Amino acid sequence: MRDLKLAFRTLSHRPVFFAAATLTLGLGLGAAVATFAIVDRLLLRPLDYPRADRLVFVTGFLPGEAGPGSSLSIMEIADIRARARTLSSLAAYADSRPLDVAADSGPQSARVNFVNTNWFELLGAHSAIGRLLNASDEQTVGAHPVAVVSDAFWRTHLGARQNVIGSTLRIADVPYTVVGVMSPAFRDMSYEYGGDVTDIWLSMSMSAPAYGPTFLTTRSSRVVWGIGRLADGVTIDQARSELNGIARDLEREFPDSNRRMGLHAERLDLWIFRDARTPFFVVLIGALALLAVGALNVTGLLVVRMAERSRDLIVRRALGASTGQLARPAVAESLAIAMSAAVAGAGVGAVLLSLVRTSAPYVFPRLQVVQLDGRSVVVLGVLASLAVAVTAIATLAMVRWRGQLAAGAARAVTADRLTVRLQRALVVGEVALAVILLAGSTLVVKSLRVFERTPLGFDSAGLVNTRMELRGTRYVENPAVVAFGQSLLEQARAVPGVDDAFLWGPGRPGYVTWISFVLPERVVNVPDPERVMVTRHNVSAGALASAGIPILRGREFRASDRTAEPFVAVVSQSMAEKFWPGQDPIGQRFSFITPLTPRPWFQVIGVAADAAHRRRTYSLRLPAYDYYQFFDQRPERSVTLVTRSSADPAAAMPGIRAAVQGADPALPVRDMRTMADLLGEEETTFRFASGLLSGFAALTFLFAAAGLYAMVSYVMTLRGRELALRSALGASRGRLFRSLVLNGVRLGVVGIGLGLIAARFSATFLDALLYGVDPHGVETYALTAIAMLIIVVAATAVPALRVRRIEASRALRAE
């Protein structure tokens, strides 16, 4: 403690040195601990469910996909539940679906989730009032219209009435009896990944009004997901092996619906945050690299300080001081700097987390409560201790060397070799780390630019998307849906500020929500045809022209196609080339892979240019196999009204809402957003990751430059007499300047070379963040090397210019 007090007192007499070391290390510690707090809160802490480490997410695996992630049918869930022995429990749930609800507060659009009743037990749900759904509520299909409402829905739309149990809600025109209010502490899965929060839970046996009468009995109606719990003593790999066997059995038993259909299980928390893991862990690695460079810089400063105390160390050694006695004050200074930096780092981390809470693009609710807690403080202490260890090792090496020096060594004319060698090693390490971070951030930024500039294939300017669900008794028959669509378009086109309007479903332009497997007519009767995954779009007449999607051959839909036989379709260019290579696709027919009889046929009337309908994230990786159906022939219940405005699209929103109410006064608007906002959300992950990574790279860049500057400055100080003597003996100042710069550049080149090798190796880990960019492309690394070399030259040339001010006569008089 005495050494520590003395260290603080000594450092206070060197305020510039103390502030530089504290700030450098504090920035690194703050960035690292803030990033850890984010990763810890989002990815490392368990979900708030009972035995969360045993919960698994069960999905399908369809051919043509980049990986698991396809929904399942309720019949497939039942098959897995009956056959799997590695899962002690399995429940199906459907993503919360917006349905019309008549409540105390009037007509509403509520998020409704259909679940198997054991779903509540799996997630540890409890009711605050009444009860939850139980096994008796799904004994008979359609026979138990009971509902559990969320605490928020109860308070907002049911007046927080204590006598709510037994009251009636009309959901999609079906009366339901409220049997329970969910505990306010319960968090649905949709809450965890930032989706729409569920308002009402219904039994899966009551799903016909939302999904159709054949949903529970058709194996190809894949719109549910599975949540299961591993049996005691079972590993996830054992469960996956058993699911593979079940998938093969189902393929053999049901070849029409399950051909090449795989099954997969993933730990629930890993699945929920799968899209966030790579960006956040990459940013964490970048923050740790920044901390490493900061620690190396502080180590360099302390090495210089030890060199300045050479005479003192030698005298104290001559007077009998041990190595430990010589090292204690220096180690105490390292500890004092680390302690001060830890305090500064806590402040920096708190500021960064405050910015994340208020402006981070991620919608994960967990990030809204992220802060420095006990775990973060422990990590901060560990990182600060590691920084102390790095500086202490260098300090002890210097003390040991100094203790062995002869007294006359202090008057040597040439520079201190050990100090310079240590500094050179530190500088090489800093430059290498800076190159790694700079190359990584450059790849991510280039990827973001490619992502932003990738043509969508449609004109997104001025679009507003208004989503609706046409469910209930009013829209059972197709003519009623078609009539609503025609009325809606007529009223929407009359809204002031709206230039055009068209219908799209079940998703929207740029975002598909329905997948089909189709076959060209020539291979329908082939025993095992190739399954090609294509995406389905349901559009009104003229919608493709209104969306700005060119028709390359043939034509698009028109009103007279309503009665055409068979159904008509427009296919994308990629789909046409895949299904009818070298042939004219116009007039060709295709159908679904389906056990339905008679099989529905579609005749191609046009070929449209490819468009990015899988969101740009996946459109850069998967082929654009799309087909468009005519809304008036096969109307879609999940429908989006798309309007275009040449002026401010948001200004037309009130009129658009009024148009929807005019077409159906009882239909609530599900969601209304501009296309610009929707596309912006697709970029948030990459913008956030690239922004943080680029910021860390820039700071590392500056730290590396500062380290080079400090090294050359110190060499100038140590070699002052030597340089003066060489100047007096006839060496030109230009030659001395070039010698100093070349020495620094040589170190920089070594660091750049090592950094490039490491960067090429580590680029593989960035693959999930890169779109349209080759992680091993020479251009990125060449630009990184050139940029770093420029910094190296500048950082060495600026202090080396002091050689021009050397006065040989003064140095000789000093000798």
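Note that this is a predicted model, so its numbers are computed, not measured.

Calculation rules
Throughout this document, residue positions are counted from 1 along each chain, in the order its sequence is written. A pLDDT threshold of at least 70 governs which residues receive local features in this predicted model, and a stricter bar of 80 or more applies before side-chain atom pairs are shown or counted, although totals over entire chains, interfaces and linings include all residues. Side-chain figures throughout are based on the complete set of non-hydrogen atoms in the structure, without hydrogens or water. Each helix is a run of H or I in the DSSP string that is no shorter than four residues. Each strand is a run of E no shorter than two, and both are numbered from the N terminus. Whether two residues are in contact is decided by their heavy atoms, any of which lying within 4.5 Å being enough. Using a 1.4 Å probe, accessible areas were evaluated by the Shrake-Rupley method; residue-level cover was limited to the displayed protein chains. Planes of paired rings set the category: under 30 degrees apart is stacked, over 60 is edge-to-face and the rest tilted, where pairs are Phe, Tyr or Trp rings (Trp by its six-membered ring) whose centres lie within 6.5 Å. The rule is simple: take the accessible area with a 1.4 Å probe, protein chains only, and divide by the maximum for that residue type; under 20% is buried, over 50% is exposed, in between is partly exposed. Should the NZ of a Lys or the CZ of an Arg lie within 6 Å of a ring centre and within 35 degrees of the ring normal, that charge is described as sitting over the ring. Lines fitted to C-alpha atoms define the axes here, with helix axes fitted over just the stretch in contact, and angles between the N-to-C directions of these axes take values from 0 to 180 degrees. We call two directions roughly parallel when the angle between them is under 35 degrees, roughly antiparallel when it is over 145, roughly perpendicular when it lies between 65 and 115, and oblique otherwise. In the scheme used here, Gly and all other residues not listed as nonpolar or charged are polar, with Ala, Val, Leu, Ile, Met, Phe, Trp, Tyr, Cys and Pro taken as nonpolar and Asp, Glu, Lys and Arg as charged. Each patch is built from salt-bridge-free residues with over 30% relative accessible area, joining like charges within 9 Å and nonpolar side chains (Val, Leu, Ile, Met, Phe, Trp, Tyr) within 5 Å. Here, a salt bridge means any side-chain nitrogen of Lys or Arg that lies within 4 Å of a carboxyl oxygen of Asp or Glu. As a per-residue measure, pLDDT tells how confident the predictor is, with possible values from 0 to 100. How far a helix is expected to stretch is found by multiplying one less than its residue total by 1.5 Å. As used here, the arc belongs to the directions running from the helix axis to the C-beta atoms. Here, nonpolar core refers to any group of buried Ala, Val, Leu, Ile, Met, Phe, Trp, Tyr and Cys residues whose side-chain atoms link them within 4.5 Å. For two strands to count as paired, DSSP must find a minimum of two bridges between them. Any N or O atom pair separated by 3.5 Å or less is treated as a polar contact, with the protein-specific requirement of one donor-capable and one acceptor-capable atom, and with residues adjacent in sequence counted only for side-chain atom pairs. Note on convention: near helix rotated counterclockwise from far helix by under a right angle means a left-handed crossing. Clockwise means right-handed.

Caption draft 1: The arrangement of the overall build of the protein in detail. Looking only at helices and strands, the protein has 25 helices and 22 strands in total. Expressed as a percentage of contacts within the protein between residues at least 6 apart in sequence, the contacts between residues at least 24 apart total 80%. As displayed, the protein offers around 34100 Å² of accessible surface, 58% of which is attributable to carbon and sulfur atoms.

Caption draft 2: Examining the packing of aromatic side chains more closely. Counted by the stated rule, this structure contains 16 aromatic pairs. Centre to centre, the rings of Trp-504 and Tyr-628 are 5.9 Å apart; their planes meet at 85°, and the pair counts as edge-to-face. Residue Trp-504 is located in strand E13 (residues 500-505), and its partner Tyr-628 is located in strand E20 (residues 626-630); the two are separated by 124 residues in the primary sequence. Trp-504 gets classed as buried once you look at its relative accessible area, which sits at 1%. Here the aromatic cluster, defined as three or more aromatic residues joined through ring pairs, consists of Phe-567, Phe-579, Trp-580, Phe-590, Phe-602 and Tyr-627. Directly above the ring of Phe-254 sits Arg-219, whose terminal nitrogen or CZ lies 3.7 Å from the centroid.

Caption draft 3: Broad picture of the packing of helix H1 (residues 2-12) against helix H2 (residues 15-44). The N-to-C vectors of H1 and H2 enclose an angle of 110°; their axes lie 7 Å apart at closest approach. As far as their axial angle goes, H2 and H1 are roughly perpendicular. For the pair H1 and H2, contact is made by Phe-8, Leu-11 and Ser-12 and by Pro-15, Phe-17 and Phe-18, respectively. For the contact of H1 with H2, the class distribution of residues is 5 nonpolar, 1 polar and no charged.

Caption draft 4: A nonpolar patch on the surface, seen in detail. A cluster of nonpolar side chains, Phe-8, Leu-335 and Met-339, forms an exposed patch at the surface whose accessible area comes to about 230 Å². Structurally, the position occupied by Met-339 is in helix H13 (residues 323-359). According to the relative accessible area criterion, Met-339 is partly exposed, its value standing at 38%.

Caption draft 5: Main features of the confidence of the model for the protein. The share of residues in the protein with pLDDT of 70 or more is 84%, and the mean pLDDT across the chain is 82. No element of the protein has a lower mean pLDDT than helix H25 (residues 808-814), at 56, and none a higher one than strand E16 (residues 551-554), at 95. Note that residues 405-415 has pLDDT below 50 and, in this model, 18 contacts with residues that lie over four places away or in other chains.

Caption draft 6: Highlighting the side chain of Thr-535. Looking at where Thr-535 falls in the secondary structure, it is placed in strand E15 (residues 532-539). When its relative accessible area of 5% is taken as the criterion, Thr-535 is described as buried. For Thr-535, the contacting residues outside a window of four places in its chain are Val-512, Trp-514, Arg-614, Tyr-625, Asp-626 and Tyr-627.

Caption draft 7: Here's a closer look at helix H24 (residues 778-800). Taking 1.5 Å of rise per residue, the 23 residues of H24 would be expected to cover 33 Å, and the 32 Å separating its terminal C-alpha atoms lies within 8% of that figure. Residues of H24 that are buried: Thr-780, Tyr-781, Thr-784, Ala-785, Met-788, Val-792, Ala-795, Thr-796, Ala-797, Pro-799 and Ala-800.

Caption draft 8: Region of interest: helix H16 (residues 478-493). If you check H16, its first and last C-alpha atoms are 23 Å apart, about what 16 residues at 1.5 Å a residue would give, namely 22 Å. Of the residues making up H16, those classed as buried are Val-481, Val-482, Phe-484, Gly-485, Leu-488, Leu-489 and Ala-492. What you see down the axis of H16 is that its buried residues fit within an arc of 160°, all on one side. Seen from the buried face of H16, the exposed residues on the opposite side, beyond 90 degrees, are Pro-479 and Glu-490. For H16, the secondary structure elements touched by its buried residues are strand E12 (463-469), E13, strand E21 (638-644) and helix H20 (653-663).

Caption draft 9: A look at the nonpolar core. Core analysis: the biggest nonpolar cluster contains 50 residues, and Ile-80, Val-149, Phe-153, Leu-169, Ile-171 and Ile-200 have the highest contact counts within it. In terms of residue count, helix H8 (residues 236-253) provides more of this core than any other element does, 5 residues in total. Sequence-distant contacts of Val-149, defined by excluding residues within four places in its chain, comprise Trp-154, Leu-158, Leu-169, Val-178, Gly-180, Val-181, Met-182, Asp-199, Ile-200 and Trp-201. Core analysis: the next-biggest nonpolar cluster, separate from the first, contains 46 residues, Leu-11, Phe-18, Ala-287 and Leu-437 among them.

Caption draft 10: Geometry of the pattern of salt bridges. Applying the stated criterion across every chain, the model contains 22 salt bridges. In this structure, Arg-45 and Asp-40 form a salt bridge, with 3.0 Å as the shortest nitrogen-oxygen distance. Note that Asp-249 and Arg-252 form a salt bridge whose closest N and O atoms lie 2.7 Å from each other. With Asp-249 and Arg-252 both in helix H8 and 3 residues apart, the pair spans about one turn of that helix. Several salt bridges converge on common partners, so that one network encompasses Asp-40, Arg-45, Asp-373 and Arg-375.

Caption draft 11: Local environment of unusual backbone geometry. Residue Gly-505 is joined to Pro-506 through a cis peptide bond whose omega torsion reads -5°. Among the structural elements, Pro-506 can be located in the loop between E13 and strand E14 (515-520). A cis amide bond, omega -10°, links Glu-565 with the succeeding residue Pro-566. With respect to the element layout, Pro-566 can be found in the loop between E16 and strand E17 (567-572). Even without being a glycine, Arg-51 presents a positive backbone phi close to 50°.

Caption draft 12: A look at the pairing of strand E7 (residues 168-171). The two faces of E7 differ: Leu-169 and Ile-171 on one face are buried, but Thr-168 and Arg-170 on the other face are not. Looking at chain direction, strand E3 (residues 97-103) and E7 are connected through 2 bridges and run antiparallel. Bridge pairing links Ala-102 to Arg-170 in E7. With 4 bridges joining them, E7 and strand E8 (residues 174-182) adopt antiparallel strand pairing. Paired with Leu-169 across the two strands is Tyr-176, which belongs to E8. Counting the residues in the hairpin turn of E7 and E8 gives 2 residues, including Ala-172, whose phi is positive at 55°.

Caption draft 13: Here's a closer look at the environment of Arg-131. Structurally, Arg-131 can be placed in the loop between strand E5 (127-130) and strand E6 (146-149). For the pair formed by Arg-131 and Val-148, sequence separation is 17 residues and the distance between their alpha carbons is 7.9 Å. Ignoring sequence-local partners within four residues, the contact set of Arg-131 consists of Asp-137, Val-148, Val-179 and Gly-180. Within the structure, the side chain of Arg-131 is placed 2.8 Å from the side chain of Asp-137, a separation counted as a polar contact.

Caption draft 14: Highlighting the packing of H16 against H20. Look at H16 against H20: their axes get within 9 Å of each other, and the N-to-C directions meet at 145°. You can see that H16 and H20 cross each other, and the crossing is right-handed. Contact residues: H16 offers Phe-484, Ser-487, Leu-488, Gln-491 and Ala-492, while H20 offers Ala-659, Val-660, Gly-662 and Ala-663. Split into classes, the residues belonging to the contact of H16 with H20 amount to 6 nonpolar, 3 polar and no charged.

Caption draft 15: Focus on the side chain of Ser-207. One can find Ser-207 in the loop between strand E9 (200-203) and helix H7 (208-211). Accessibility expressed as a relative area gives 0% for Ser-207, which makes it buried. In terms of polar contacts, Ser-207 uses its side chain to reach the backbone carbonyl oxygen of Met-204, at 2.8 Å. Once residues within four sequence positions are removed from consideration, Ser-207 is found in contact with Phe-114, Gly-212, Phe-215 and Leu-216.

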